[in-house]
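Remarks on the overall topology
So you can see what is in the structure, the chains are spelled out below.
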Amino acid sequence: MENYSRSLSRLTGESTLLYQEIARNVERTKGIKTINFGIGQPDLPTPKRIREEAKSALDKGFTAYTPALGLDELRSRVAEFLSQRYGDNIVKDEVAITPGAKTALFLAFLTYVNPGDEVILFDPSFYSYAEVVNLLGGKPVYVPIRFDSDRGFYVDVNDVVSRISSKTKMIVYNNPHNPTGMNFDPKLSEELVKISRERNIILLSDEIYDYFVYEGRFKSVLEEEWRNNVIYVNGFSKTFSMTGWRLGYIVARKEVIGKIGILASNIYTCPTSFAQKGALASFDAFDEVKEMIDLFRRRRDVMFSELSKVKDIKVYKSSGAFYMFPDFSSILRNTGLDSKGLAIKLIEDSGVITIPGEVFPERVGTNFLRLSFALGEEKIKEGVERMKIALEKLAG
Ligand SMILES: Cc1ncc(COP(=O)(O)O)c(C=O)c1O
């Protein structure tokens with residue numbers, strides 16, 4: 001038997017990959033062309049001006065290590081941009097550039113979580129939060145996200161307060177939200193900052209989908225009094241379609257960024273040099289971003305109108321990110337399947353890939369499937385139509 005670490009044994013691995021594997025099998029054995037609603041990234045190329053900037057950096061030989069916290073000019077540019085956007089005075093020393101937002105999240109957990117510490121997570125939430133908390137010996141404590149067909153997905157702040165104990169170290173907040181596609185009520189951001197400050201708890205706020213907002217006002221935690229206890233995470237991956245570039249960032253007070261720098265230099269030395277140069281051009285690419293968001297809004301409308309025609313599911317028109325999270329409980333009850341079983345059946349019978357809600361990672365998601373609308377309108381129409389036929393067949 002291999003002598004792997006105990007920490008590693010606490011990880012479950014990214015279970016969304018399993019569904020891609022089943023889909024490949026279906027393509028091979030049944031010759032069905034699959035439609036992938038499991039996708040977690042924009043399908044557009046990175047804006048040209050960003051690519052050109054990175055290419056030019058490469059051509060000029062900008063290929064050596066950079067400082068661990070990232071290029072000074074990029075840190076300053078992020079600070080300046082966020083200050084303008086949120087009316088604050090964020091400075092370079094409060095910003096760390098990281099290899100992707102996932103690494104930023106990992107570093108934030110590593111900075112604070114000791115074995116036995118409790119970390120409050122929304123249920124459902126991005127799978128990686130619970131994995132890293134478990135890896136570090138912490139304990140995820142879940143606050144259920146509630147669902148109401150009129151109001152959509154929401155969090156009752158009393159549910160958060162009731163989960164706080166003397167062991168609570170951190171609350172993780174993700175807005176707009178993966179997997180529900182909710183741009184939460186601005187009051188939630190305000191209240192979470194306030195509660196965590198009053199209770200001396202770290203608030204880790206993941207705002208990676210902050211430009212994917214279709215309804216309502218988006219409220220960043222950076223609009224509040226954040227310096228005391230907030231760790232803010234964002235990145236270039238989704239907004240500029242740069243998932244493979246691996247660039248994210250953390251905003252926190254200067255002393256915290258200092259700790260992040262120590263971790264960074266021990267783990268990855270620095271973010272990729274020429275990718276950071278490319279990212280400098282992203283601040284001039286907001287016309288392209290706007291075009292992409294307009295496109296995603298149209299796709300969202302198409303997906304919502306198609307899903308609304310499917311019998312026995314309840315769907316809420318998402319207000320943010322690029323996911324729709326319909327409730328399949330009636331179908332699950334009638335067929336005796338769980339959401340994983342239903343997702344597998346849909347791939348096998350219709351070649352449509354969805355992500356079952358229970359990978360996010362506790363119980364609330366068990367009645368839901370996540371569908372991404374980061375793909376063309378025709379595919380969205382065809383995919384939902386195929387699902388509809390398969391579900392009707394299942395219902396007998
Ligand atoms: C909520 C959330 N946070 C963070 C990430 C990771 O972003 P990055 O690709 O920059 O690591 C994702 C990616 O799917 C996400 O959905």
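Residue positions within a chain follow its written sequence, with the count starting from 1. Note on the predicted model: pLDDT of at least 70 is required for a residue's local features to be given, and 80 or more for side-chain atom pairs to be given and counted; whole-chain, interface and lining totals, by contrast, use all residues. Side-chain numbers come from the whole structure's heavy atoms, not from hydrogens or water.

Brief notes about the packing of helix α11 (residues 286-307) against helix α14 (residues 377-395)
Between N-to-C directions, angles cover 0 to 180 degrees, with each direction set by a line fitted to C-alpha atoms, over the stretch in contact for helices. Helix numbering and strand numbering both begin at the N terminus, where a helix is a DSSP run of H or I of at least 4 residues and a strand a DSSP run of E of at least 2. Remark: α11 packs on α14, axes separated minimally by 9 Å, with the N-to-C direction vectors making an angle of 20°. Our classification of the angle between α11 and α14 gives roughly parallel. Relative to α14, α11 is oriented so that their crossing is right-handed. Only Glu377, Ile380, Lys381, Val384 and Met387 of α14 make contact with α11, whose side of the interface consists of Arg298, Arg299, Val302, Met303, Glu306 and Leu307. A class-by-class count of the residues in the contact of α11 with α14 yields six nonpolar, no polar and five charged. Convention used here: angles under 35 degrees read as roughly parallel, angles over 145 as roughly antiparallel, angles from 65 to 115 as roughly perpendicular, and any remaining angle as oblique. Working rule for handedness: look at the near helix, and if it is turned counterclockwise from the far one by less than a right angle, call the crossing left-handed; if clockwise, right-handed. Working rule for contacts: check all heavy atoms of both residues, and any pair within 4.5 Å makes them a contact. Under the convention adopted here, Pro, Cys and the residues Ala, Val, Leu, Ile, Met, Phe, Trp and Tyr are nonpolar, Asp, Glu, Lys and Arg are charged, and Gly plus all remaining residues are polar.

Digging into the UniProt feature "domain: Aminotransferase class I/classII large" (unreviewed entry) in the protein chain
UniProt positions are given in the numbering used here, feature names are shortened, and annotations may be inferred rather than shown by experiment. Per the UniProt entry, the sites bearing "domain: Aminotransferase class I/classII large" (unreviewed entry) are residues 33-386 in this numbering. Secondary structure content for residues 33-386 is 40% helix and 16% strand, while the C-alpha to C-alpha distance between its ends is 12 Å.

Things to note about the environment of Lys277
Position of Lys277 among the secondary structure elements: in helix α10 (residues 273-280). Along the backbone, Lys277 and Gly351 are 74 residues apart, and their C-alpha atoms lie at a distance of 40 Å. The residues contacting Lys277, other than those within four sequence positions of it, are Glu53, Ala57, Phe62, Leu71 and Glu73.

Let's talk about the sheet that holds strand β7 (residues 168-174)
Each strand in a sheet pairs with another by means of backbone hydrogen bonds, the pair being arranged parallel or else antiparallel. The strand order across the open sheet formed by seven strands is β2-β10-β9-β8-β7-β3-β4, and the pairing between neighbours is mixed. The sheet terminates laterally at β2 (95-98) and β4 (139-144), the two strands that pair on one side only. Within the sheet, the average angular offset between the axes of one strand and its neighbour, ignoring direction, is 25°. Running at roughly 25° to β2, helix α9 (residues 254-267) makes contact with β2, β9 (230-235) and β10 (248-251) of the sheet. Two strands qualify as a pair provided DSSP detects at least 2 bridges between them.

Some thoughts on the packing of aromatic side chains
For Phe, Tyr and Trp, where Trp contributes only its six-membered ring, two rings pair if their centres lie within 6.5 Å, and the inter-plane angle classes them as stacked under 30 degrees, edge-to-face over 60, or tilted in between. Using the criterion set out here, one finds 26 aromatic pairs in the structure. Where Phe122 meets Phe184, the ring centres are 6.1 Å apart and the plane angle is 90°; that geometry is what we call edge-to-face. Here the residue Phe122 occupies a position in strand β3 (residues 118-123), and Phe184 occupies one in the loop between β7 and α8 (186-198), the gap between them amounting to 62 residues. Each member of the pair, Phe122 as well as Phe184, carries the same accessibility label: buried. Note on Phe126 and Tyr129: the rings are 5.5 Å apart at their centroids and 80° apart in plane angle, and the pair reads as edge-to-face. For the pair shown, Phe126 and Tyr129 are each scored as buried. Members of the aromatic cluster, each reached through a chain of ring pairs, are Phe81, Tyr211, Phe236, Phe240, Tyr249, Phe283 and Phe286. Geometry around Tyr154 places Arg151 over its ring, the cationic atom sitting 3.7 Å from the centre. Should the NZ of a Lys or the CZ of an Arg lie within 6 Å of a ring centre and within 35 degrees of the ring normal, that charge is described as sitting over the ring. We note Lys277 situated over the ring of Phe62; from NZ or CZ to the ring centre the distance is 4.6 Å. Exposed residues in this analysis have more than 50% of their type's maximum accessible area, buried residues have under 20%, and partly exposed residues fall in between, with area computed by a 1.4 Å probe over protein chains only.

Some words on the side chain of His177
Tracing the chain through its elements places His177 in the loop between β7 and α8. Beyond its immediate stretch of four places on either side in the chain, His177 contacts Pro124, Ser125, Ile145, Met182, Phe184 and Ala321.

Observations regarding the site of the ligand
Whether a residue is near a molecule or strand is decided by its heavy atoms; if any one of them lies within 4 Å of it, the residue is near. Of all residues adjacent to the ligand, which total 14 residues, the nearest are Asp206, Tyr209, Ser237, Lys238 and Arg246. Within the side chain of Asn178, an N or O atom sits 2.8 Å from an oxygen atom of the ligand. Residue-level accessible areas treat just the shown protein chains as cover; the underlying method is Shrake-Rupley with a 1.4 Å probe. Protein chains bury 92% of the 400 Å² of accessible surface belonging to the ligand in isolation. In terms of residue count, helix α5 (residues 101-112) provides more of the shell around the ligand than any other element does, three residues in total. A 3.5 Å cut-off defines polar contacts: any pair of N or O atoms within that distance qualifies, except that in protein one atom must be a possible hydrogen donor and the other a possible acceptor, and neighbouring residues in sequence count only when both atoms are side-chain atoms.

Quick notes on the nonpolar core
Only buried residues count toward a nonpolar core, which is a set of Ala, Val, Leu, Ile, Met, Phe, Trp, Tyr and Cys residues joined through side-chain atoms within 4.5 Å. The biggest cluster of nonpolar side chains holds 132 residues, and the ones touching the most others in it are Phe37, Leu82, Phe109, Phe236 and Ile250. A domain split of this core shows at least three residues from each of domain 1 (6-45 + 287-391) and domain 2 (53-282). Setting aside residues up to four positions removed in sequence, Ile250 forms contacts with Glu94, Val95, Ala96, Thr98, Ala104, Leu107, Ile231, Tyr232, Val233, Ile257 and Ile260. The domain limits used here are those given by an automatic or database domain assignment.

Notes on the sheet that holds strand β11 (residues 323-324)
Sheet architecture is open: three strands sit in the order β11-β14-β13, paired in antiparallel fashion. For this open sheet the edge positions go to β11 and β13 (355-356), each flanked by a neighbour on one side alone. Where β11 and strand β14 (residues 369-372) come together, two bridges link them in antiparallel fashion. Among the inter-strand pairings, Met324 is bridged to a residue of β14, identified as Leu371. Contacting β13 and β14, helix α13 (residues 339-350) crosses the sheet at an angle of about 45° to β14.

Regarding a nonpolar patch on the surface
Only residues whose relative accessible area exceeds 30% and that form no salt bridge are eligible for patches; like-charged ones are grouped when within 9 Å, while nonpolar side chains (Val, Leu, Ile, Met, Phe, Trp, Tyr) are grouped when within 5 Å. Whenever Lys or Arg places a side-chain nitrogen within 4 Å of a carboxyl oxygen from Asp or Glu, that contact is recorded as a salt bridge. The grouping of Tyr4, Leu8 and Leu11 at the surface amounts to a nonpolar patch, some 310 Å² of accessible area in total. The exposure class of Leu8 is partly exposed, given its relative accessible area of 44%.

Some thoughts on unusual backbone geometry
Cis geometry is adopted by the peptide bond preceding Pro176, which originates at Asn175 and carries an omega value of -15°. Here Pro176 shows up in the loop between β7 and α8. Look at the link from Asn178 to Pro179: it is a cis peptide, with omega at 15°. With a phi angle near 70°, Asp312 is a residue other than glycine that sits in the positive phi range. Residue position: Asp312 is located in the loop between α11 and β11. Unlike most non-glycine residues, Ala321 shows phi in positive territory, near 55°. Within the secondary structure, Ala321 sits in the loop between α11 and β11. Under the relative-accessibility criterion, Ala321 is labelled buried at 0%.

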